[in-house]
Amino acid sequence: MQRSCWQYSTVSQSSATGADILGKDCLMSGTKVHDASKQKMEKPLQLVCNKDGKLHLNPEALNFLQSIEDPMVIVAVVGPARTGKSYLMNCLAVDKKGFSVASTTQAHTKGIWMWCRSLPQRPNEVLLLLDTEGLGDPKKGDIDNDNSIYLLAILLSSILIYNSKNQIDQQSLQDLYFVTELSKRIQMKSQPDGCNGWDFVRFFPEFVWVIRDLTLDLNVDDKDATPNDYLEHILKLKDGDSSEQNKKYNELRRCIRDNFPSRCCFAFPIPAHRKKLKQLQELEDKDLDEDFVTERQNLIDYIHNHKKVKRVVGGQLVTGRRFAELAKVYVGMLADGVLPCVENSVAKLAELENQAAVDEALKFYSDGMKKFSEPGCLTMSKLIEDHNARSIEAFSIFHKRCMNTNSGKYIQQLEETMSSTYESLKAKVKKKSQEECDRHLKEVMSSITENLTSGHYLRPGGFQELTKDLDKAIKEYEERTKNEMEGWAVLTHFLAEEKRRRDLVQKMDSRLTEEQKPDSALEQELERMKQEMKMMEQRRKAFEECRNKEIMEQIRKRFEEGKKCSVEELKEAMEHMRSEMEKYEVEGRMEDAQRAQQRYDYLNEKYEGAKKWSFMQFFRENAEIFAALASIAVQIIVSLPRK
């Protein structure tokens, strides 16, 4: 299969900063229902290629990734050219006809190829396999390209497989020497603070060393050893860093031990007789070495059952959509000759995701509210009801997609935009309500107006008749406009305008007695209407407060989820550093143990800070953001402890 490159220009990403943490299910009509198992990718696609000395991304691959909204287990394989990486990826895909496999000495895979596969035992997650170009191809001789491919594999994967042949010797370790310069090639923060590499363990992938075509027995101190025991033995430091050779030897091992949160090893014997290796891809298990088949299954089980879903710093899960954005950011940085900055990349990803979450939530809200802009008989009470329900669901949609990092301003944007739309619709409904009330009032009061104009009531008993007619008309008007927000206002305005003529009728009525005060029945009816309008306003405020409480509870829950993710991420990193510290102590490497202790203390400080970070603190520091949620916001502010 010929693997070609295509023209695709990457866009330079702007710098941004981000914090580690921020601090009712959607209506089906507004929720994207996604099933990972339905995402079928029949064959691999090239994700990254090198053209004219720069890395480029394949739009087709990005479009496919954008459609995946499930978390991803991302497995990348790296290693020297012509060591069988593509065959290994096909084994993990449980498909013989996936990544192209060559049977010659010429390097075959170019750039990075990807293949999405389902995980039957984990239906809510997706397996993404990344097959990378072989390192150290003498015909290519492009060290910068190798470094960029290696960097992307580390930055984008959750499990990194290093594939090498024969035993772990000096040559295979030398091919891995690139990891010793990671702190020079990856920038953790936009403003370096001298601890650049100390956070690597928080986002680096798990490290899996796969030894291929092993012909020797694994042995440690003259005893049979497991592949994991063998790897741990190989990664022990040599005594003394005085010589340049020992210094480089130990530097590589420290990088692997300190930066990768976990490690394991799989050792594969030669799969079949040399004459059959050219057809390895087509061989059935019965034609393969029994130990090879067993170890292959062990690796498949490890990858398929492992819980290592890709996360960014802060513990946020990486979906296919987020992976595509991360790839854009990192490839853009490398294409521009800029050191990949983890903090900036996460901030940029959060910015894109949160804005997309706002747009998705607003579309759901707008689609449900547009009917109030159309002609019809929709009432203010219906508008209030729909606004409360739709805005609550819109926030639910937002929180399902957003990333906690710096989401506060997007919460504000969502609330302000919905409120603005609501007020605009309310003004339209109010105007329409006023027009409807004016029409109904004109109809029910038409005979009264004519009688007032003609002087019909200017006679003995006229005021009583006027009062009776008004009482009847008001009751009919009230029945017609019981759901109209402007009913009371239009009526009181009419009565105020007609007060002069009513007063004139009263004065002319020579039969008026003290017991027949003009405001008895009429004013009681008007007072009753006034009280009903007050009750409607109280219900509206109660609905609004209930809505705000629901939205605030959603924000609180999302904050707690983000906090939990960050705390768990830091805890895992601390546990790894504690484990390495103990191993260094057993090996008698006290200086290395002390260095591991420093890293542990550094992570522990962040861990304790993350645990103490409360929603009240978050709310206090972002009080302006929640100003639109006024009623509940005031209650929360009052309850905050004083500093």
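The structure this text deals with has already been given above.
Here the structure is a predicted model, which is why all the values come from computation and not from measurement.

What the chain contains, in helices and strands, is 21 helices and 10 strands. Burial status across the chain gives 50% buried among its 643 residues.

Summed over the entire model, instances satisfying the criterion amount to 14 aromatic pairs. Look at F207 and W209: their rings are 6.1 Å apart centre to centre, the planes differ by 90 degrees, and that puts the pair in the edge-to-face class. The buried category is assigned to F207, whose relative accessible area is 1%. In this structure W209 comes out as buried when scored by relative accessible area, which is 0%. Taking the ring centre of Y249 as reference, the NZ or CZ of R253 above it sits at 3.1 Å. Positioned above the aromatic ring of F364, the side-chain terminus of R390 is 4.1 Å from the ring centre.

Moving on: the pairing of strand β6 (residues 159-165). Of all the 7 residues making up β6, 6 are buried; the element is thus mostly covered by neighbouring parts of the structure. When strand β3 (residues 72-78) meets β6, the two strands line up parallel, connected through 4 bridges. When the bridges of β6 are listed, V78 appears paired with Y162. Of the strand pairs in this sheet, β6 and strand β7 (residues 206-214) are connected by 7 bridges, and their pairing is parallel. The residue bridging L160 from the neighbouring strand is F207, located in β7.

The 8 strands lie next to each other as β2-β1-β4-β5-β3-β6-β7-β10, forming an open sheet whose pairing is mixed. Every other strand in the sheet has two partners, leaving β2 (54-57) and β10 (263-269) as the edge strands with one partner each. Going from strand to strand, the sheet's axes swing by 20 degrees on average, the running direction of each strand aside. The pairing of strand β4 (residues 112-118) with strand β5 (residues 126-132) spans 7 bridges and is classified as antiparallel. Each bridged residue has a counterpart across the sheet, and for I112 the counterpart in β5 is T132.

Our next topic: the packing of helix α8 (residues 244-259) against helix α19 (residues 590-612). Contact geometry for α8 and α19: axes closest at 12 Å, N-to-C directions at 35 degrees. Both α8 and α19 take part in a crossing whose hand is right-handed. For the pair α8 and α19, the contacting residues are R254, D258 and N259 in the first and D592, R595 and R599 in the second. For the contact of α8 with α19, a count of residues per class yields no nonpolar, 1 polar and 5 charged.

A separate point is the pairing of β4. In terms of residue burial, β4 counts as a mostly covered element, since 5 of its 7 residues are buried. By the bridge criterion, 3 bridges tie strand β1 (residues 45-51) to β4 in an arrangement that is antiparallel. Directly across from L45, in β4, lies its bridge partner M114.

Helix length check: helix α10 (residues 320-335) (16 residues) gives 22 Å between terminal C-alpha atoms against 22 Å at 1.5 Å per residue, within 8%. G337 sits one or two positions beyond α10 and adopts a positive phi of about 75 degrees.

Take the pattern of salt bridges next. Within this structure, the stated rule accounts for 39 salt bridges. With a closest N to O distance of 3.2 Å, K606 and D199 form a salt bridge. With K606 in helix α19 and D199 in the loop between α5 (182-185) and α6 (200-203), this pair connects stretches of sequence that are 407 residues apart. A relative accessible area of 23% places K606 in the partly exposed class.

We now examine helix α9 (residues 290-305). End to end, α9 covers 22 Å across 16 residues, agreeing with the expected 22 Å (1.5 Å per residue, within 8%). Turning to α9, its buried residues number three or more, namely F292, V293, E295, R296, L299, I300, I303 and H304. At the N-terminal end of α9, a side-chain oxygen is found 2.9 Å from the backbone nitrogen of D291, two or three residues along, and the residue is D289.

This next bit is on a nonpolar patch on the surface. On the surface, L458, L504 and M508 cluster together into a nonpolar patch covering about 260 Å² of accessible area. Within the fold, L458 resides in the loop between α14 (446-454) and α15 (462-480). Relative accessible area serves as the criterion here: at 38%, L458 is assigned to the partly exposed category.

Counting residues in hydrophobic clusters, the biggest one holds 108 residues, and the most contacted among them are L47, V75, M114, Y150, W209 and F323. Among the elements that take part in this core, α10 stands out by supplying 9 residues, more than any other. Within the second largest apolar cluster, 32 residues are counted, among which are A357, F395, I555 and F615.

How each quantity is defined
- Residues numbered from 1 in each chain as written.
- Predicted model: local features only at pLDDT ≥ 70, side-chain atom pairs only at ≥ 80, totals over all residues.
- Heavy atoms only, no water.
- Helix = DSSP H or I, 4+ residues; strand = E, 2+ residues; numbered from the N terminus.
- Buried < 20%, exposed > 50% of the residue type's maximum accessible area, 1.4 Å probe, protein only.
- Phe/Tyr/Trp six-rings, centres within 6.5 Å; stacked < 30°, edge-to-face > 60°.
- Lys NZ or Arg CZ within 6 Å of the ring centre and 35° of its normal.
- Pairing = 2+ DSSP bridges.
- Axes fitted to C-alpha atoms, helices over the stretch in contact; angles between N-to-C directions.
- Left-handed = near helix turned anticlockwise from the far one by under 90°.
- Contact = heavy atoms within 4.5 Å.
- Nonpolar A, V, L, I, M, F, W, Y, C, P; charged D, E, K, R; others polar.
- Expected span 1.5 Å × (residues − 1).
- Salt bridge = Lys/Arg side-chain N within 4 Å of Asp/Glu carboxyl O.
- Polar contact = N/O pair within 3.5 Å; in protein donor to acceptor, adjacent residues only side chain to side chain.
- Patch = residues over 30% accessible without salt bridge, like charges linked within 9 Å, V, L, I, M, F, W, Y side chains within 5 Å.
- Areas by Shrake-Rupley, 256 points an atom, 1.4 Å probe, with all protein chains shown as cover.
- Core = buried A, V, L, I, M, F, W, Y, C linked by side-chain atoms within 4.5 Å.

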